[in-house]
Amino acid sequence: MIVKSALFVKSATRPAHYPEGDLPEIAFAGRSNVGKSSLVNVLVNRKNLVRTSSTPGRTQLINFFQVNDDFMLVDLPGYGYAKVPLSVKKEWRPMMETYLSKRKNLRAVVLILDIRRIPVEEDVQMLSWLRAYSITPIVVITKCDKVSKNERAKQTAVIMSKLGLEKTEVSFFSALSREGKDGIWERIETQLQPPQAEASPEPDAPSPSL
Ligand code: GTP
Ligand code: MG
């Protein structure tokens, strides 16, 4: 993917505020502090397009970023952080469910997991929401720089069994080393292709005789 431009378009909490138009969207979901915003920044080669923070729960809105003239990357608010105020937690679920179930532009969700952690209940639920709404999940295991090779293999097995995933369904990533960036772009680009049209009959095929 050649990123010529990447710009912040707007933040939204509800459909009336989503961007107009029909650019396809790829959203990024995962627990607070997992590294969603860092992944988006690496993909678009920008240090600070999306604000990152060591304080979990920083991103509480749906943030839309346009890449080239072609598509949007959508940074979703994280889940599972205990210290986020209850009022914010209550808003999270309907905000996410509405976006995931109603947004026609949405082509896939990159679900991000931390290589060091066992997936939490919200991760399991997110994956089953995606399956229920027939949204393609692109599962990314991040912060791979933080573990040894052995630890990576061990943790991957734990994560896959908890989520019922095959090894071919996960991509490994590190925002520090940028490992995995190209592979993740390839998976995103596949989802951005327009759906194949239904095969139409040959134009000169003989019409069925009556
Ligand atoms: P919220 O918006 O709060 O939900 O967090 P987020 O998922 O967007 O995480 P963010 O990208 O802000 O990263 C959280 C912290 O993890 C920051 O301190 C990042 O520098 C760090 N981080 C993110 N990705 C990596 C990675 O691949 N390796 C290492 N070592 N640190 C990372
Ligand atoms: Mg963030």
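Not measured: the values here are computed from a predicted model. (Residues numbered from 1 in each chain as written. Chains lettered and ligands numbered in written order. Predicted model: local features only at pLDDT ≥ 70, side-chain atom pairs only at ≥ 80, totals over all residues. Heavy atoms only, no water.)

Q: Teacher, can you tell me more about helix 3 (residues 121-132) here?
A: Helical periodicity: at 3.6 residues per turn, an α-helix aligns residues three or four positions apart in one direction. Between its terminal C-alpha atoms helix 3 stretches 16 Å, which fits the 16 Å expected from 12 residues at 1.5 Å a residue. Residues Asp123, Met126, Leu127, Trp129 and Leu130 constitute the buried set of helix 3. Along the axis of helix 3, the buried residues cluster in a sector spanning 155 degrees; they form a single face. Exposed residues pointing more than 90 degrees away from the buried face of helix 3 are listed as Glu121 and Ala132. (Helix = DSSP H or I, 4+ residues; strand = E, 2+ residues; numbered from the N terminus. Expected span 1.5 Å × (residues − 1). Buried < 20%, exposed > 50% of the residue type's maximum accessible area, 1.4 Å probe, protein only. Arc of directions from axis to C-beta.)

Q: I'm lost on the pattern of salt bridges in this one. Help?
A: Pairing is possible between side chains of opposite charge, provided their charged atoms come close. As enumerated under the stated definition, the model contains six salt bridges in all. A salt bridge links Arg93 to Glu97, with the nearest nitrogen and oxygen atoms 3.8 Å apart. One end of the pair is Arg93 and the other is Glu97, both in helix 2 (residues 86-102) and four residues apart, which spans about a single turn. Given a relative accessible area of 37%, Arg93 falls into the partly exposed group. Ionic contacts of the salt-bridge type, sharing partners, join the residues Asp114, Arg116 and Arg117 into one network. (Salt bridge = Lys/Arg side-chain N within 4 Å of Asp/Glu carboxyl O.)

Q: What am I meant to see in the pairing of strand 6 (residues 136-142) here?
A: A regular strand carries its side chains on alternate faces of the sheet. With five of seven residues buried, strand 6 is to be regarded as a mostly interior element. Read from strand 5 (residues 106-114) through helix 3 to strand 6, the crossover connection turns out right-handed. In the sheet, strand 6 pairs with strand 7 (residues 170-172) via three bridges, with the strands oriented parallel. Note on strand 7: the bridge partner recorded for Val139 is Val170. Note on the crossover from strand 6 through helix 4 (residues 149-163) to strand 7: the handedness is right-handed. (Right-handed = clockwise from strand over helix to strand, strands pointing away. Pairing = 2+ DSSP bridges.)

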